[in-house]
Amino acid sequence: MANAKRKAARNPARKTARKTARKTARKTARKTARKTARKTARKTVRKPSARMGSRKDVYYFGDGKADGDGSQKALLGGKGANLAEMSRIGIPVPAGFTLTTEVCTYYYAHKKTYPKTLEAEIGANIAKIEKAMGKKLGDLGNPLLLSVRSGARESMPGMMDTVLNLGINDKVVEALAAKTGNPKFAWDSYRRFLQMYGSVVMGVEAHAHEHHDPYEVILDKAKAKASVADDSGLGEKALRWVVGEFKKLIRKRAGKAFPEDPIKQLYGAVNAVFNSWNNDRAKVYRQKYGIPAEWGTAVNVQAMVFGNTGNGSGTGVAFTRDPATGENVFYGEYLIDAQGEDVVAGVRTPKQVAQMAKDLPSSHRELLKIRKILEEHFRDVQDVEFTIEQGKLWMLQTRNGKRTGFAAVNIALDMVKERLITKEEAILRIPAEDLSHLLAPIFDPADERKATKIGSGLPAGPGAASGHIYFTADAAVAGAAKGQKVILTRQETSPEDLRGMIAAEGILTTRGGASSHAALVARQMGKVCICGAHDMNIDYAKKTLSGHGVTLKEGEYLSLNGFVGNVYIGDLKTSPSSVIQGLIENKAAARKSETYKKFVQLVGWADKLRRLEVRTNSDTPDQVKTAIKFGAEGIGLTRTEHMFFEGDRIDAVREMILAEDQKARAKALKKLLPYQKKDFVGIFTALDGRPATIRLLDPPLHEFIGTMTAAQISDLARKLEVKPDYIKHRITALHEENPMLGHRGCRLGIVYPEITRMQATAILEAAVAVQKKNIKVQPEIMVPLVSYSKELELQKAVIDEAAAEVRKKHGLKVGQLKYQVGTMIEIPRAALTADEIANHAAFFSFGTNDLTQTCLGLSRDDSSSFLPKYQDAEILSANPFASLDQTGVGQLVEMGVERGRRTKNKLKIGICGEHGGDPGSVKFCHRSGLNYVSCSPFRIPIAKLAAAQAVLEERGLARAEIS
Ligand code: PEP
Ligand code: MG
């Protein structure tokens, strides 16, 4: 298909034809959208009275009609809203109804009960489904079967429960057999239903001590008796036996019989799905993706259609474009004579959807048409599920497809070219964090050529990853906790493996296709993933992985190339991505790559839109150079103490800290001044005229002296010509119980103004030296950890004095050596008294690392042991040191901005805590009216994209939901 596209591009006639087709399609899509909008408008007029009077908890869809529409994801969940939308635009969907997320909230708020009116609503809607499908629930002539599925606002693949084939009982199964003339199908559906209902609704699952699923044990017995290898080989008689055994198993373990009444079955399944909103897996998933617990899930009850009714039937999943690379090809898989879960479970290996053109040609043609309609209607890549029941195609689901960072960029920019979306929409479509995928390393080509390949599979998650192999999620988590890089290696993954997948660098499965659980989840996490490596074999009992005659044991090294799907032994060297090679290493070949070109184009668009300036946190000239290549507009934070660890400077620093009197300190400072000056010359030169916020010495002193070993102490004693005991005595004298809240920040400069003087002199001497080379300099001297305006006032006086001396020494007038003095706002008191502090500050920079630490009373160094528990318990939805606590710390930021600008209305304000590179926090900074964010060099493109998105969101454009 890719080839065809390229060929067509060379053929002008075909090009015009495609253009006209696109134009017409766009017109039709717009028309349909307008029609839908009109319909929705008419409906919304009716809605309020309906909601004010009696409740509406059930929304019907099917038969070209729907109560709801695609815009109602919050109420109907993603799946329900899109089913309604598909039905409205005439796509064939089996009739059904959605129980809203409000029912879920009600259920949890009212001791797991439902609104009184619900039963009647459900009854009326079942009647509608029966009418649309021409079948009846529990009927012995033409029975209707139902599926019951979850559907949250954002999709949570596989995390909640599903029940299929609902409505069968001992009588209905016979009716189904008679009606379809296919008793094997009827009894197979019954056994599938019992298996799902028994485990999901009645809780009959493998006991902790059991190694095997009890249903599988029964199925295995049946297969052995019938001498067949697959479930599909079981005939009617064997299946009748299995059904009997399943029922016995359920009665024995659940202590009650499986309910024969279809309505009872339905309520059981609906309860189970609502309950699964709070299962362990769903909670972990919500935590990882920041989905609030209050959202709740909707439940979709829908007529079953069957892909397992012979060779004219089938089922599949597809993406309207390749979700790993973004290439514009229809990308999917299907199985003949199968039900949906057979495709995603990864047990049977499906065929490529292109093959359907031969197997089921008319359904394939129809599917291609629907692909086009859906992409043009939803104006984004769709991830669809479909079933063909004896030649009739049904669409079961559509949603915006999850994609890798590579695909997100490729698809969004291609769609702009295709005029399907605008540049602004493209910017909103790409989760800013995803740009980090494009910066991730690739294998060093030379190393990869030499490596021993032991298998290959589908490249489901691009990138390069190496690590120790582990065969269970728990082992992978334990390996990662020891600091190892790990590769989770499984025959196939299931939602139970989520924690292991999060902990892993890469994921390898030996079964399943590009739409298997492993592929979907890895893609979304941006993990390197290879799935369906059929030429490899895992032996869980022996804990080995083998392929191409080589066997690896648990813990041995493996490398995965997720771009092409190759698996290698060993720990391969990685090299930078094409974006890094093009941008940072100036390599011409890399600059020709599609990814590089699109990356640069996208960042260019973001630059034009954003209002926030993006600066960098950099401490060395090299870091500054890298940051500028990424597009940094200056330095937002140079931590001067980070320069002190180089070479033997640390000795002079320690000498300064340990000095007992001013004279000794002055001697040490004199040694440090030339080092500092040299550093600042390098930084100003690299900045080439851009502003530089340089922070005065800040850190807790224990970082310099608390960790000294005996050998370092005697070495320093020798150099300083003192006794080791003297140094030990000084270390003891300077010891602090709580150094983070101790003698650090400007408190050092207040007690020892000579330190501030030395640093200011070094900065300004460097400025003079660089100015002489005709390079503009903009020094911004920043005073850390200020709580009282007087602290800043005193420190500013010292800096101004030093500046006067430097000017005098070089015969410069005030205008010939300019600088600014500002402060960090990183203590709550500073935010509260920002109006007073602003009197002495030319700028503010929020130090949100310390501001979070002090606002929350939560140590930034010690909290990692209990924060995960807080996230598990959903007290915190994210780590507050990574993602700004907008409701708490955010208030201090807003207050600091408002009060600071009350005194100086044009006060320049930025942020230099770690949050400056976190997309959500960047958007918050935009909304709070900051002038800039500052982050590490590699986060700059991410911050820029988030800053552009903030502008668009402010204009009322919502982020396109990638659900
Ligand atoms: C901060 O506290 O946010 C900050 C940038 O300073 P540091 O991390 O160096 O304490
Ligand atoms: Mg700080």
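Since this is a predicted model, take the numbers as computed values, not measurements.

**Description of unusual backbone geometry**
One non-glycine residue with positive phi stands out, namely D688, at about 50°. Along the chain, D688 falls in the loop between α27 (662–687) and β29 (691–695). Classification of D688 as exposed rests on a relative accessible area of 54%. Phi angles above zero are rare outside glycine, and E721 is one such case at about 55°. If you trace the backbone, E721 turns up in the loop between α29 (710–720) and α30 (724–734).

**Focus on the environment of R927**
One can find R927 in helix α39 (residues 919–927). The exposure class of R927 is exposed, given its relative accessible area of 54%. Between the alpha carbons of R927 and R429 there is a distance of 20 Å; along the sequence they are 498 residues apart.

**Overview of the coordination of the magnesium ion (ligand 2)**
With distances of 2.0 to 2.1 Å, the protein atoms coordinating the magnesium ion (ligand 2) are E826 (OE) and D850 (OD). Here E826 is found in the loop between β31 (820–825) and α34 (828–832), whereas its partner D850 is found in helix α36 (residues 848–856), with 24 residues between them in sequence. Classification of D850 by relative accessible area gives buried; the value is 3%.

**So, the pairing of strand β3 (residues 96–99)**
The alternating pattern of β3 places G96 and T98 on one face and F97 and L99 on the opposite face, and all of these are buried. Where strand β1 (residues 58–62) lies against β3, four bridges are found, and the strand directions are antiparallel. Residue pairing across strands places Y59 opposite T98, the latter belonging to β3. As paired elements, β3 and strand β8 (residues 297–303) share four bridges and run antiparallel to each other. Within β8, the residue paired with L99 across the bridge is V299.

**Examining a nonpolar patch on the surface**
On the surface, I750, V751 and L794 cluster together to form a nonpolar patch covering roughly 230 Å² of accessible area. Relative accessible area serves as the criterion here: at 33%, I750 is assigned to the partly exposed category.

**Let's talk about helix α26 (residues 649–658)**
With 10 of its 10 residues buried, α26 lies for the most part within the structure. When α26 is considered as a whole, its buried residues turn out to be R649, I650, D651, A652, V653, R654, E655, M656, I657 and L658. On its buried face, α26 sits against α27, α28 (702–705), α29, α30 and α32 (753–772).

**Looking at the confidence of the model for the protein chain**
The predicted coordinates ought not to be read in detail in places where the model reports low pLDDT. For the protein chain, the average pLDDT comes to 89, and 92% of its residues sit at 70 or higher. Counting interchain partners and residues more than four positions distant, the pLDDT-below-50 stretch residues 1–52 has 39 contacts. Long-range and interchain partners of residues 959–963, a stretch whose pLDDT sits below 50, account for 22 contacts in this model, where long-range means more than four residues apart.

**What to know about the pattern of salt bridges**
On inspection of all chains with the given rule, the structure shows 55 salt bridges. Two residues, E174 and R240, come together in a salt bridge whose shortest N-O distance is 3.4 Å. Taken together, the residues span a long stretch of sequence, with E174 in helix α6 (residues 170–180) and R240 in helix α9 (residues 236–254) at a distance of 66 residues. Its relative accessible area of 37% is what places E174 among the partly exposed residues. For R240, a relative accessible area of 33% gives the class partly exposed. Across the salt bridge formed by K543 and E554, the nearest N and O atoms sit 4.0 Å from each other. With K543 in the loop between β21 (536–539) and β22 (544–547) and E554 in the loop between β23 (550–553) and β24 (557–561), this pair connects stretches of sequence that are 11 residues apart. Three or more residues joined by partner-sharing salt bridges are found here, namely D188, R191, R192, D220, K223 and D231.

What counts and how
- Starting from 1, residues in each chain are numbered consecutively following that chain's sequence as written.
- As they are written, the chains are lettered A onward and the ligands numbered 1 onward, keeping that order.
- This being a predicted model, a pLDDT of at least 70 is required before a residue's local features are given, and a value of 80 or more before pairs of side-chain atoms are given or counted; all residues contribute to the totals for chains, interfaces and linings.
- Values shown for side chains rest on all heavy atoms present in the structure; no hydrogens or waters enter the calculation.
- Think of it this way: any DSSP run of H or I at least four residues long counts as a helix, any run of E at least two long counts as a strand, and we number them from the N terminus.
- Type-normalised accessible area, obtained with a 1.4 Å probe on protein chains alone, sets the label of each residue: buried when under 20%, exposed when over 50%, and partly exposed for intermediate values.
- Donor atoms (N, O, S) are those found within 2.8 Å of the metal centre, with the cutoff raised to 3.2 Å for Na, K and Ca; water is not part of the atom list, so apparent gaps in a site can occur.
- Two strands qualify as a pair provided that DSSP identifies no fewer than 2 bridges between them.
- Note on patches: the residues involved have over 30% relative accessible area and no salt bridge, like charges join within 9 Å, and the nonpolar side chains Val, Leu, Ile, Met, Phe, Trp and Tyr join within 5 Å.
- In these tables, accessible area is a Shrake-Rupley quantity obtained with a 1.4 Å probe, and a residue counts as shielded only by the protein chains included in the view.
- For this analysis, a salt bridge means a side-chain nitrogen from Lys or Arg found within 4 Å of a carboxyl oxygen belonging to Asp or Glu.
- Contact between two residues is taken to exist if any of their heavy atoms lie within 4.5 Å; hydrogens are not considered.
- What pLDDT conveys is the predictor's confidence in a given residue, as a value from 0 to 100.

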